[in-house]
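Below are the chains, spelled out letter by letter.
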Amino acid sequence: MSATNVSRIAIAAGVAASTVLLLAGPAAAHVSVQPQGEAAKGGYATLNFKVPNERDQASTVKLEVNFPADHPLSSVTPEAVPGWKIAITKGKLDKPLEVHGRKITEAVTKVTWTADGSMIAPGYFQQFPVSVGQLPEDADQLVFKAIQTYDNKEVVRWIEEPKGGEEPDSPAPVLKLTAATEDHHGGAADPAGDDDHKADDQAASTEGDKGDKKETHAASSSSDTTARTLGIIGILIGIAGVAFGVLAGRRRTA
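In this text the structure is predicted, and so the values were computed from the model without any measurement. Each chain has its residues counted from 1, running along the sequence as written. Given that this is a predicted model, residues contribute local features only at a pLDDT of at least 70 and side-chain atom pairs are listed and counted only at 80 or more, while totals for whole chains, interfaces and linings are drawn from all residues. Side-chain numbers here rest on the full set of heavy atoms in the structure, without hydrogens or water.

Focus: the packing of aromatic side chains
Alright, step 1. Here a pair means two rings of Phe, Tyr or Trp (six-membered ring of Trp) with centres within 6.5 Å. Their orientation is stacked below 30 degrees between planes, edge-to-face above 60, and tilted elsewhere. Counted by the stated rule, this structure contains five aromatic pairs.
Alright, step 2. Considering the side-chain rings of Phe 49 and Trp 113, the 6.5 Å spacing of their centres and the 45° angle between planes classify their relative orientation as tilted. Note that Phe 49 is positioned in strand 2 (residues 45-52) and Trp 113 in strand 6 (residues 102-115), a separation of 64 residues in sequence.
Alright, step 3. Look at Trp 113 and Phe 128: their rings are 5.1 Å apart centre to centre, the planes differ by 45°, and that puts the pair in the tilted class. One end of the pair, Trp 113, is in strand 6; the other, Phe 128, is in strand 7 (residues 125-133), and 15 residues separate them in sequence. Strands are runs of DSSP state E lasting at least two residues, helices are runs of H or I lasting at least four, and both sets are numbered from the N terminus onward.

So, in structure tokens, the structure goes:
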């Protein structure tokens, strides 16, 4: 194979690797939800809403998560996050829920986190934990539509539901539910009574308002790091190929 052909192949490999790197990052860079452990039907679970910053020149300062109206949850208790204020919005239910022998007439419709001394800077992500229950027994998944706001006033709406197996451009966070367990606790224990749920809601909101002013930046997720690492390796291989081709050409000329 001639030195010219080697050089062309090396350049093509470098371009392909660069494309992989560029595509691998944004593909996973959207607001998502994952349970700690599992989210079993009919049980309780702790959910983590993961919010990456997709912008190079702006920081995320607000997150709004809308809870599914078709499957209202009787208990929603966010964990205090240092540097973020928490606001809980509730609404009346058309059909009351019966939990632990008591009727619940209202449920949380939205939880909003607003930066208060902190923010999600470019290149970082933040997780917002929420304890929820009881999860529905007649659904396989729950869709949480989310709205992300940057400090430059840009608003990104993660509200599109996946259809036909293809991921939309702005997918909404989707929680997959697993089979019901015997104790109906799922990945988190069921607090004792609805009065405790309400007390937890108020306590979480108060702690969120008094959150620490220190700026928090979480480390990059392992999946994102792996994708970027593979892309960088591909680029280095491409560069090495170009260098080899150039040297081979010079030796042939000599």
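Observations concerning the sheet that holds strand 4 (residues 75-78)
Alright, step 1. Read from one edge of the open sheet, four strands run 1-2-7-4, paired in antiparallel fashion. The open sheet has two edge strands with one neighbour each: strand 1 (32-35) and strand 4. Mean inter-strand twist for the sheet, computed between neighbouring axes without regard to direction, equals 30°.
Alright, step 2. Two strands pair if DSSP finds at least two bridges between them. Both strand 1 and strand 2 contribute to a ladder of four bridges, which runs antiparallel. Looking across to strand 2, one finds that Ser 32 is bridged to Lys 50. Axis geometry follows a simple rule: fit a line to the C-alpha atoms, using only the stretch in contact for helices, then measure angles between N-to-C directions, giving values from 0 to 180 degrees.

Here we look at the nonpolar core
Alright, step 1. If you look at the biggest cluster of nonpolar residues, it comprises 33 residues, and the most contacted ones within it are Phe 67, Trp 113, Phe 128 and Phe 144.
Alright, step 2. At the level of secondary structure, the elements contributing two or more residues to this core comprise strand 2, strand 3 (60-66), strand 5 (84-99), strand 6, strand 7, strand 9 (145-150) and strand 10 (155-158).
Alright, step 3. Element by element, the count of residues in this core is highest for strand 2, at four residues.
Alright, step 4. Throughout, a residue-residue contact means that at least one pair of heavy atoms, one from each residue, lies within 4.5 Å. Leaving out residues up to four positions away in the same chain, Phe 67 has contacts with Leu 73, Val 76, Val 108, Thr 109, Lys 110, Val 111, Val 130, Val 132 and Phe 144. Buried Ala, Val, Leu, Ile, Met, Phe, Trp, Tyr and Cys residues form a nonpolar core when they are joined through side-chain atoms within 4.5 Å. Three labels apply to residues, based on accessible area from a 1.4 Å probe with only protein chains included: buried if under 20% of the type maximum, exposed if over 50%, partly exposed otherwise in between.

Some thoughts on the pattern of salt bridges
Alright, step 1. The working definition used for a salt bridge is a side-chain nitrogen of Lys or Arg within 4 Å of a carboxyl oxygen of Asp or Glu. As enumerated under the stated definition, the model contains five salt bridges in all.
Alright, step 2. In this structure, Arg 55 and Glu 154 form a salt bridge, with 2.7 Å as the shortest nitrogen-oxygen distance. In this pair, Arg 55 sits in the loop between strand 2 and strand 3 while Glu 154 sits in the loop between strand 9 and strand 10, placing the two residues 99 residues apart along the sequence.
Alright, step 3. The class for Arg 55 is partly exposed, based on a relative accessible area of 26%.
Alright, step 4. By relative accessible area, Glu 154 is classed as partly exposed at 26%.
Alright, step 5. Among the ionic pairs, Glu 64 bridges to Lys 62, the shortest N-O distance being 3.9 Å.
Alright, step 6. For Glu 64, a relative accessible area of 14% puts it in the buried group.

Section: the environment of Leu 93
Alright, step 1. By the element assignment, Leu 93 lies in strand 5.
Alright, step 2. Judged by its relative accessible area of 18%, Leu 93 falls in the buried class.
Alright, step 3. C-alpha separation for the pair Leu 93 and Ile 104, spaced 11 residues apart in sequence, amounts to 8.2 Å.
Alright, step 4. Beyond its immediate stretch of four places on either side in the chain, Leu 93 contacts Pro 72, Ile 104, Thr 105, Glu 106 and Ala 107.

Here's the deal with the layout of surface pockets
Alright, step 1. Estimates place the volume of the second largest pocket at around 260 Å³.
Alright, step 2. Counting residues per element, the ones that place at least two in the lining of the second largest pocket are strand 1 and strand 11 (174-176).
Alright, step 3. It is strand 1 that contributes the most residues to the lining of the second largest pocket, four residues altogether.
Alright, step 4. Under the grouping applied here, Gly and all other residues not named as nonpolar or charged are polar, the nonpolar ones being Ala, Val, Leu, Ile, Met, Phe, Trp, Tyr, Cys and Pro and the charged ones Asp, Glu, Lys and Arg. Broken down by class, the residue content of the lining of the second largest pocket amounts to 11 nonpolar, five polar and four charged. Think of a 1 Å grid over just the protein atoms. A cavity is a set of points where a 1.4 Å probe fits yet cannot get out, a pocket is an open set with protein on both sides within 12 Å along at least five of seven lines, and lining residues have an atom within 4 Å of a point. Grid points are joined across faces, edges and corners, and a volume is the space filled by probe spheres set on the points.

Comments concerning the confidence of the model for the protein
Alright, step 1. Confidence of the prediction at every residue is given by pLDDT, a number between 0 and 100. Across the protein, the average pLDDT comes to 75, with 61% of residues at or above 70.
Alright, step 2. This stretch, residues 9-27, has a pLDDT under 50; its non-local contacts, to residues over four places away or in other chains, come to 20 contacts.
Alright, step 3. The low-confidence segment residues 187-223, where pLDDT is below 50, has 74 contacts with residues more than four positions distant or belonging to other chains.

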